[in-house]
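Spelled out from the first residue to the last, the chains are:
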Amino acid sequence: MRWCRSWLLLLVLLASTGSIEAEISSSQGLSVELSAPTQRVLKQLSDGAVQWQKAFLQEDRTSAEAEQRNLLDLADSIGFERLPDLNNAALARAVEAAEQGDFPRARWALEAADAFDPGRPGNSFAAARIHRLQGEYIAAVTDSLRGYARLFALPVDLDLWQANLVLWLFYSFIGAGGFFVLLLMGTRGREVALDLADSLGQRVPRPL
C-alpha cells in the first residue's frame, strides 16, 4: 500500500499549496492623484449626466442632445473614449420607455446609449428587447445575433483565462484525488486506515 500512502501525502501537499495561493491578496495602499483640472472635468461630467437625465425625463430632446454633445466633448478632453455609466442609464431609460409603449422615446434613448458607448453588446441586446416589445421579432433576432457577435469579438485577457484554467485543473485534480481516496476507503477501508496510521506514526515523534 506504499502507492496509497504516496497518493495521500501528495493530496495533502496540493491542498496546502492551494490554500497558500488563496491567501495572496491584492496590493494595498495604491492611490492615484488626480490633477485639479481632471477633478473639475469629472465633476462637470457628473453634473452633466444629471442634466441629461433631467432633460430626457422632461422629453426636452434639444436640451438632452446638447448636453450629450457636451458630455462627449468633456470625456474626450480627458481621454475617455466611452461613458459606460451613462450608457447603462440610457439603456435603462430606453427599455423603460419601451415597456410603457413609448417606442419613439425608447429609440431616442437607445441612440444616446450608442453614442455614450458605441459598439457595446448591451446596446444590441437592449435594441432586441425593444423590438420584441414592439412585436418586431425578426429585427429582435437580428439585433440579438449582432449582440452576440459583438460579445465574442471583445478582446480576451489570455493571462486571466490561463490562470482560471490552471485553477480549474488544480481543483479538479484535488476533487478526483478525494474521490479516489473515498473509493479506497469504501472498498479497502481497513487496509487504508492501517497504512495511513503507520505512515503518520513514522513521522510523528512519540511523547517522552
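Undergrad: It is not clear to me how the overall build of the protein chain should be interpreted in this structure. Could you clarify?
TA: For the protein chain, the count of helices and strands is eight helices and zero strands. Along the protein chain, helices and strands appear, N-terminal first, in the series α-α-α-α-α-α-α-α. Every one of the 208 residues in the protein chain was classed for burial, and the buried ones make up 28%. Taking the intrachain contacts of the protein chain between residues at least 6 apart in sequence as the baseline, contacts between residues at least 24 apart amount to 67%. Put simply, the protein chain shows about 14300 Å² of open surface, and 61% of that area lies on carbon and sulfur atoms.

Undergrad: What is the right way to look at a nonpolar patch on the surface in this model?
TA: On the surface, Y148, L151, F152 and L154 cluster together into a nonpolar patch covering about 450 Å² of accessible area. Inspection of the secondary structure puts L151 in helix 7 (residues 137-152). Residue class for L151 comes out partly exposed when judged on its relative accessible area of 38%.

Undergrad: Looking at this structure, I do not really get the packing of aromatic side chains. What am I missing?
TA: A ring pair, where both rings are aromatic, is described by two values, the distance of the centres and the angle of the planes. Evaluation of the coordinates by the stated rule reveals five aromatic pairs. Here the aromatic cluster, defined as three or more aromatic residues joined through ring pairs, consists of W52, F56, W108 and F116. Positioned above the aromatic ring of F56 is the side chain of R105, whose terminal nitrogen or guanidinium carbon lies 4.4 Å from the ring centre.

Undergrad: Before we go on, may I ask you to explain the nonpolar core in this structure?
TA: Burial of nonpolar side chains together is a common tendency in soluble globular proteins. W52, L71, L110, F116 and I130 are the most contacted members of the largest nonpolar core, which totals 29 residues. Elements that contribute at least two residues to this core include exactly helix 2 (36-57), helix 3 (61-77), helix 4 (84-99), helix 5 (103-116) and helix 6 (121-134). The greatest single-element share of this core, amounting to eight residues, is contributed by helix 5. What L110 contacts, discounting residues up to four positions off in sequence, is L91, A94, N123, A126, A127 and I130.

Undergrad: Just to check I follow, could you spell out the confidence of the model for the protein chain for this structure?
TA: Low pLDDT means the predicted coordinates in that region are not meant to be read closely. Averaged over every residue, the pLDDT of the protein chain is 78; the share at 70 or more is 71%. Segment residues 2-29: pLDDT under 50, and 26 contacts once partners within four positions in sequence are set aside and those in other chains are kept.

Undergrad: In this structure, what is going on with helix 4? I would like to understand it.
TA: An α-helix turns once every 3.6 residues. As a result, residues three or four positions apart point the same way. Here helix 4 spans 22 Å end to end across 16 residues, near enough to the 22 Å set by a 1.5 Å rise per residue. Buried within helix 4 we find L86, N87, A89, A90, L91, A94, V95, A97 and A98. In this fold, the buried residues of helix 4 make contact with helix 2, helix 3, helix 5 and helix 6. G101 sits one or two residues past helix 4 and shows a positive phi near 85°.

Undergrad: Teacher, can you tell me more about helix 2 here?
TA: Here helix 2 is 22 residues long and its end C-alpha atoms lie 32 Å apart, about the 32 Å a rise of 1.5 Å per residue gives. For helix 2, the complete set of buried residues consists of V41, L45, G48, A49, W52, A55 and F56. Looking down the long axis of helix 2, one finds its buried residues gathered within 135° of arc, a one-sided arrangement. Across from the buried face of helix 2, at angles greater than 90 degrees, the exposed residues are A36, K43 and V50. Contacts made by the buried residues of helix 2 are with helix 3, helix 4 and helix 5.

Analysis parameters
Residues numbered from 1 in each chain as written. Predicted model: local features only at pLDDT ≥ 70, side-chain atom pairs only at ≥ 80, totals over all residues. Heavy atoms only, no water. Helix = DSSP H or I, 4+ residues; strand = E, 2+ residues; numbered from the N terminus. Buried < 20%, exposed > 50% of the residue type's maximum accessible area, 1.4 Å probe, protein only. Contact = heavy atoms within 4.5 Å. Areas by Shrake-Rupley, 256 points an atom, 1.4 Å probe, with all protein chains shown as cover. Patch = residues over 30% accessible without salt bridge, like charges linked within 9 Å, V, L, I, M, F, W, Y side chains within 5 Å. Salt bridge = Lys/Arg side-chain N within 4 Å of Asp/Glu carboxyl O. Phe/Tyr/Trp six-rings, centres within 6.5 Å; stacked < 30°, edge-to-face > 60°. Lys NZ or Arg CZ within 6 Å of the ring centre and 35° of its normal. Core = buried A, V, L, I, M, F, W, Y, C linked by side-chain atoms within 4.5 Å. pLDDT = per-residue confidence, 0-100. Expected span 1.5 Å × (residues − 1). Arc of directions from axis to C-beta.

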